[in-house]
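Coordinate analysis (summary)
These are the residues of each chain, in order.
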Amino acid sequence: MRAHDGGVLELWGQNRWIACPWQTLSTASVQRFAAGSSSHFAGAAPRELNHAPGYLRHLMLFVCCCTMFEGYDVLILGLSLPHIGKEFNAHSDALGYGLSLISIGTMLAFALVSLADRYGRRRIFLSAVTGYTLFTVLTAFSSGLYDFVAYQFAARLFMVTEI
């Protein structure tokens, strides 16, 4: 049994996932379902969750790519910090403060993650990927340390949200 967006509960039975609105389920209907009865839902016809062939494989590939870029982004900032300081004529103190502000973006991401239950995981995930991509590209056009920190703050916010 697993919960699904939109108030749908998915039950594994008869070698497939069957979805039913959770409001229509009772304890007895779940027990009948587990026992293999064909009349397992009270008042609602179940619907099968059919995905296009290869959908789950493509989804997994997409999520893996997002995770790879997240790991790369975290590591590259630490490695390139001395070069960023030279480029923007910033001292190590300013770079340290900037790095700590960027890290705050990762903590604020949990506020966006909590919106997934209200607006849907798919919508939040795709918005996070779009926001992360946009602010990562904007980072390349930073003209100073303040721009760099602001863009990386927003990029980290969306990056952690997508995970």
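Residues numbered from 1 in each chain as written. Predicted model: local features only at pLDDT ≥ 70, side-chain atom pairs only at ≥ 80, totals over all residues. Heavy atoms only, no water.

1. Focus on helix 5 (residues 121-140)
- The terminal C-alpha atoms of helix 5, which comprises 20 residues, lie 29 Å apart, in line with the 28 Å expected from a rise of 1.5 Å per residue.
- Turning to helix 5, its buried residues are Ile124, Phe125, Ala128, Val129, Gly131, Tyr132 and Thr139.
- Buried-residue contacts for helix 5 involve helix 2 (55-87), helix 3 (92-113), helix 4 (116-119) and helix 6 (145-162). (Helix = DSSP H or I, 4+ residues; strand = E, 2+ residues; numbered from the N terminus. Expected span 1.5 Å × (residues − 1). Buried < 20%, exposed > 50% of the residue type's maximum accessible area, 1.4 Å probe, protein only. Contact = heavy atoms within 4.5 Å.)

2. A short note on a nonpolar patch on the surface
- Taken together, Tyr55, Leu56, Leu59, Phe62, Val63 and Leu126 make up a surface patch of nonpolar side chains, about 480 Å² in accessible area.
- The biggest single contributor to the nonpolar patch is helix 2, with 5 residues.
- Mapped onto the elements of the fold, Leu59 is located in helix 2. (Patch = residues over 30% accessible without salt bridge, like charges linked within 9 Å, V, L, I, M, F, W, Y side chains within 5 Å. Areas by Shrake-Rupley, 256 points an atom, 1.4 Å probe, with all protein chains shown as cover. Salt bridge = Lys/Arg side-chain N within 4 Å of Asp/Glu carboxyl O.)

3. A look at the packing of helix 3 against helix 6
- Taken N-terminus to C-terminus, the directions of helix 3 and helix 6 make an angle of 30°; their axes are 7 Å apart at the nearest point. If you check the angle between helix 3 and helix 6, you find them roughly parallel. Along this stretch, helix 3 crosses helix 6, giving a crossing that reads as right-handed. Residues Ala94, Leu95, Gly98, Leu101, Ile102, Ile104, Gly105, Thr106, Leu108, Ala109, Leu112 and Val113 of helix 3 pack against Leu145, Phe148, Val149, Gln152, Phe153, Arg156, Leu157, Phe158, Val160 and Thr161 of helix 6.
- For the contact of helix 3 with helix 6, the residue count by class is 16 nonpolar, 5 polar and 1 charged. (Axes fitted to C-alpha atoms, helices over the stretch in contact; angles between N-to-C directions. Parallel < 35°, antiparallel > 145°, perpendicular 65-115°, else oblique. Left-handed = near helix turned anticlockwise from the far one by under 90°. Nonpolar A, V, L, I, M, F, W, Y, C, P; charged D, E, K, R; others polar.)

4. Looking at the nonpolar core
- Grouped together as the largest cluster of nonpolar side chains are 9 residues: Leu77, Leu81, Ile84, Ala90, Leu95, Ile102, Leu145, Phe148 and Val149.
- Sorting the residues of this core by element identifies helix 2, helix 3 and helix 6 as the ones contributing at least two each.
- Ignoring any residue separated from it by four or fewer positions in sequence, one finds Ala90 in contact with Gly85, Leu95 and Leu145.
- Counting 8 residues, the second-largest nonpolar core is a separate cluster that includes Tyr132, Ala155, Phe158 and Val160. (Core = buried A, V, L, I, M, F, W, Y, C linked by side-chain atoms within 4.5 Å.)

5. Some thoughts on the side chain of Ser142
- With respect to the helices and strands, the residue Ser142 is situated in the loop between helix 5 and helix 6.
- Using a relative accessible area of 13% as the deciding quantity, one classes Ser142 as buried.
- Ignoring any residue separated from it by four or fewer positions in sequence, one finds Ser142 in contact with Phe88, Asp147, Phe148 and Tyr151.

6. Let's talk about the environment of Leu134
- With respect to the helices, strands and loops of the structure, Leu134 is situated in helix 5.
- On the accessibility criterion, Leu134 (48% relative accessible area) is partly exposed.
- Spatially, the C-alpha atom of Leu134 lies 9.1 Å from that of Tyr151, the residues being 17 residues apart in sequence.

7. Some remarks on unusual backbone geometry
- Backbone geometry places Asn89, a non-glycine residue, at a positive phi of 50°.
- The class for Asn89 is exposed, based on a relative accessible area of 70%.

8. What to know about the packing of aromatic side chains
- Applying the stated criterion to the full structure yields 3 aromatic pairs.
- Relative to Phe125, the ring of Phe62 lies with its centre 5.5 Å away and its plane at 85°, an arrangement referred to as edge-to-face. Within this pair, whereas Phe62 is found in helix 2, its partner Phe125 is found in helix 5, the two being separated by 63 residues in sequence.
- Its relative accessible area of 33% is what places Phe62 among the partly exposed residues.
- Centroid distance Phe135 to Phe158: 5.9 Å. Interplanar angle 10°. Geometry classified as stacked. Taken together, the residues span a long stretch of sequence, with Phe135 in helix 5 and Phe158 in helix 6 at a distance of 23 residues. (Phe/Tyr/Trp six-rings, centres within 6.5 Å; stacked < 30°, edge-to-face > 60°.)

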